[in-house]
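Chain and residue survey
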Amino acid sequence: MIILGIDPGLVKTGYGLIKVIHEKYKLLDFGIITPKKTDTLSNRLNTIYTDISLIIDKFNPNIVSIEEVFFGKNVKSALLLGHARGASMLSASNKKIPVFEYSARKIKQSVTGNGNAHKSQVKFMIMKQFNINRLDCPEDATDALAIALCHLNQVKIKEL
């Protein structure tokens, strides 16, 4: 099974892929999609959609795991984040790949043991878990790997 984790955003969309074989898993790829900040909203969404589609074509994931929209004070930010999520989810849907959504709290809890963990703690745990040594590893990419790992952990819990 291959899980594609997505941390959606209009400025940076993180992605991370893990391959699961029996009880073991390994890192396949991770990175960020960065649409041009000067592009129109529709062009930025097209970049996210196209790049996620290319990643799906290259790695053929069985599952897509994505972060839910968080509820904050800034409605406009939540709406824009929803657009980025939609573009990513549409890429998966067009390939008939099931999409699972997880709250930021559940993702942090799954990876660090603390639902209120900071981004730096999530990054630290993911870098240790997957033996990533790059100092410049983007947080959006490690967040995406955490989202993929969260799905794997949720599947394991259900099996118990």
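You'll find the structure just up there.
All of the points below concern the structure found in this document. Please read all numbers here as calculations on a predicted model, not as lab measurements.

A few points about the packing of helix α1 (residues 41–59) against helix α2 (residues 75–94)
- Packing of α1 against α2 brings their axes to within 9 Å, and their N-to-C directions diverge by 35°. Judged by the twist between their axes, the crossing of α1 over α2 is right-handed. Where α1 abuts α2, its residues L41, L45, I48, Y49, I52, S53 and I56 lie against L80, H83, A84, A87, S88, L90, S91, A92 and N94.
- Per-class residue counts for the contact of α1 with α2 are eleven nonpolar, five polar and no charged.

Quick notes on α2
- In this model α2 runs 28 Å from its N-terminal to its C-terminal C-alpha over 20 residues, within 8% of the 28 Å that 1.5 Å per residue would give.
- Within the sequence span of α2, burial applies to A78, L81, A84, R85, A87, S88, S91 and A92.
- Next to the buried residues of α2 lie β1 (2–7), β2 (13–21), α1, β4 (63–67) and β5 (99–102).
- One or two steps after α2, the chain reaches K96, where phi turns positive at roughly 60°.

Quick word on the nonpolar core
- Grouped together as the largest cluster of nonpolar side chains are 22 residues, with contacts concentrated most on I3, I18, I126, F130, I132, L145 and L149.
- Listed by contribution, the elements that provide at least two residues to this core are β2, α3 (104–112), α4 (119–129) and α5 (139–159).
- The greatest single-element share of this core, amounting to eight residues, is contributed by α5.
- Dropping the residues within four chain positions of it, I3 is found in contact with G16, L17, I18, V20, I63, S65, A148, H151 and L152.
- In terms of nonpolar packing, the next biggest core, distinct from the first, is built from 19 residues, I55, I66, A87 and A92 among them.

Definitions and cut-offs
- Residues numbered from 1 in each chain as written.
- Predicted model: local features only at pLDDT ≥ 70, side-chain atom pairs only at ≥ 80, totals over all residues.
- Heavy atoms only, no water.
- Axes fitted to C-alpha atoms, helices over the stretch in contact; angles between N-to-C directions.
- Helix = DSSP H or I, 4+ residues; strand = E, 2+ residues; numbered from the N terminus.
- Left-handed = near helix turned anticlockwise from the far one by under 90°.
- Contact = heavy atoms within 4.5 Å.
- Nonpolar A, V, L, I, M, F, W, Y, C, P; charged D, E, K, R; others polar.
- Expected span 1.5 Å × (residues − 1).
- Buried < 20%, exposed > 50% of the residue type's maximum accessible area, 1.4 Å probe, protein only.
- Core = buried A, V, L, I, M, F, W, Y, C linked by side-chain atoms within 4.5 Å.

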